[in-house]
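Breakdown of the fold
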Amino acid sequence: MTSGIRTGIVYDDMYLLHETGMHPEKKERLKSIMSYLEKRDVLKKLEKVEPRKAKVEEIEYAHNRDYIEQIESYCAKGYNAIDMDTFISANSYEAALLAAGGSMAAVDKVMKDELDHVFCFVRPPGHHAEPSQGMGFCLFNNAAIAAYHAMKEYDIERVLIFDWDVHHGNGTQLIFYHDPRVLYSSVHQSPAFPGTGAADEIGAGKGEGYTVNVPLSGGFGDNDYELILRELLVPLCDEYKPQLIIVSAGQDAHESDPLAGMALSSHGYGMMAGIMKEIADKYCDGKIVLLLEGGYNVNALAESVFCVLDTLAGWEMGIESKKGEILERQATRDRIDIVKDKLMPFWPTMAE
Ligand SMILES: [Zn+2]
């Protein structure tokens, strides 16, 4: 073991072989992240976690066998898309198996206490993928598979999946909608793709109260997100006490993202990582696995990812970009109150 290193990354050139051409979810996203980390000379401060290929039985934690076989055969036949948005190529199935397997390898590292945090730079992303349907650039739901793997192999029963991607993670929500073992929480732009994620979608059956959606119109920035996390997520976690935190880490809520209209700065991502770290240090010995979802301005993506790692690893190196505007708007308070109101019957802390 390299002494002192507690933060790792998952990366493999295989993730570049999910070819999507001119599509915004392109391999240059990962190249940009890796070259930025190299430029800042931090790769030596990060443990490289080797991904493995997921077994089909593991993909089946979250997906139907028919769907998995369909993706495999589409790739083998040379199809170039599964719908209008979601491009594939010959190697996409293998890349998707390695994305899910890389996510599980990261879970293994933190659950075995060999690392505290692992950021997985995987493609294709996962949070829109539903049990029998890929969509929104996603094939297999990496976050859901990672959560199931953790619960199955390490006998835990409280996993927080926090989804800071600007789009709602419809797939992840659907998979755990009836399952109290996973608290799924998403802050996202609405209205926007995929159209789900209203504040009154709170889970059902035994899972009622374990889905927490914070839909926002565009333009919300660092302070708004900080307030939402402090007022909603932190108290919820004080009650839920997660045993593992998985972040669906999409950096497309960045102010310069071309696909969305939110206003986070790169520092804002570091701020959110800091709050995740506080929660993790308090309840689960620091265990955080982050899975790359969106983020389509490749420079903003790399800078945001760096800010997250900088916070988690405690380098305090910083970046040159300006911080986001400081404002605390009534609109944010109003959103928080709406969400608290829905959750009050299930979480005493929300009534305070
Ligand atoms: Zn997104």
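Reading the values: rules and limits
Residues numbered from 1 in each chain as written. Predicted model: local features only at pLDDT ≥ 70, side-chain atom pairs only at ≥ 80, totals over all residues. Heavy atoms only, no water. Helix = DSSP H or I, 4+ residues; strand = E, 2+ residues; numbered from the N terminus. Rg over C-alpha atoms; globule rule 2.2 N^0.38 Å. Buried < 20%, exposed > 50% of the residue type's maximum accessible area, 1.4 Å probe, protein only. Contact = heavy atoms within 4.5 Å. Areas by Shrake-Rupley, 256 points an atom, 1.4 Å probe, with all protein chains shown as cover. Polar contact = N/O pair within 3.5 Å; in protein donor to acceptor, adjacent residues only side chain to side chain. Phe/Tyr/Trp six-rings, centres within 6.5 Å; stacked < 30°, edge-to-face > 60°. Expected span 1.5 Å × (residues − 1). Arc of directions from axis to C-beta.

Let us look at the overall build of the protein. Secondary structure assignment for the protein yields 10 helices and eight strands. In terms of C-alpha radius of gyration, the protein reaches 18 Å, essentially the compact-globule figure of 20 Å for 352 residues. The C-alpha extent of the protein, read off along each of the three principal axes, is 55 × 45 × 40 Å. When each of the 352 residues of the protein is scored for burial, the buried share is 60%. A fraction of 79% describes how many contacts in the protein between residues 6 or more apart in sequence connect residues 24 or more apart. For the protein, the exposed surface amounts to about 13300 Å²; the carbon and sulfur share of it is 48%.

Relative to the helices and strands, H188 is located in strand β5 (residues 182–189). A distance of 2.8 Å separates the side chain of H188 from the backbone oxygen of G197, its partner in a polar contact.

It is worth spelling out the packing of aromatic side chains at this point. Following the criterion strictly, the structure yields 14 aromatic pairs and no others. Note on Y61 and Y148: the rings are 6.2 Å apart at their centroids and 55° apart in plane angle, and the pair reads as tilted. Taken together, the positions of Y61 in the loop between α2 (56–59) and α3 (65–76) and Y148 in helix α5 (residues 142–154) put the pair 87 residues apart, joining distant regions of the chain. Exposure remark for Y61: the relative accessible area of 22% places this residue in the partly exposed category. For Y148, a relative accessible area of 18% puts it in the buried group. Both rings, one in Y93 and one in F140, keep their centres 6.2 Å apart while their planes meet at 80°; by these two values the pair is edge-to-face. Of the two residues, Y93 sits in helix α4 (residues 92–111) while F140 sits in the loop between β3 (117–120) and α5, which places them 47 residues apart along the sequence. Y93 sits in the buried class, given a relative accessible area of 5%.

Turning to α3, a few remarks are in order. Between its terminal C-alpha atoms α3 stretches 16 Å, which fits the 16 Å expected from 12 residues at 1.5 Å a residue. Here α3 has its buried residues at Y67, I68, I71 and C75. An end-on view of α3 places all buried positions within 105° of arc, on one side of the element. The exposed residues of α3 that point more than 90 degrees off its buried face are D66 and A76. Structurally, α3 contributes buried residues whose contacts are with α2 and α4. One or two residues past the end of α3 sits G78, with phi positive at roughly 85°.

This next bit is on unusual backbone geometry. Cis geometry marks the peptide bond from R123 to P124, where omega comes out at -10°. Inspection of the secondary structure assignment puts P124 in the loop between β3 and α5. Here F193 and P194 are connected by a cis peptide whose omega angle stands at 0°. Mapping P194 onto the fold places it in the loop between β5 and β6 (211–216). In this model, K241 sits at a positive phi of 55°, which is unusual for a non-glycine residue. Here K241 lies in the loop between α7 (222–240) and β7 (244–249). Overall, K241 belongs to the partly exposed group, its relative accessible area being 40%. Although it is not a glycine, E316 sits at a positive phi angle of roughly 55°. By secondary structure assignment, the location of E316 is in the loop between α9 (298–313) and α10 (330–343).

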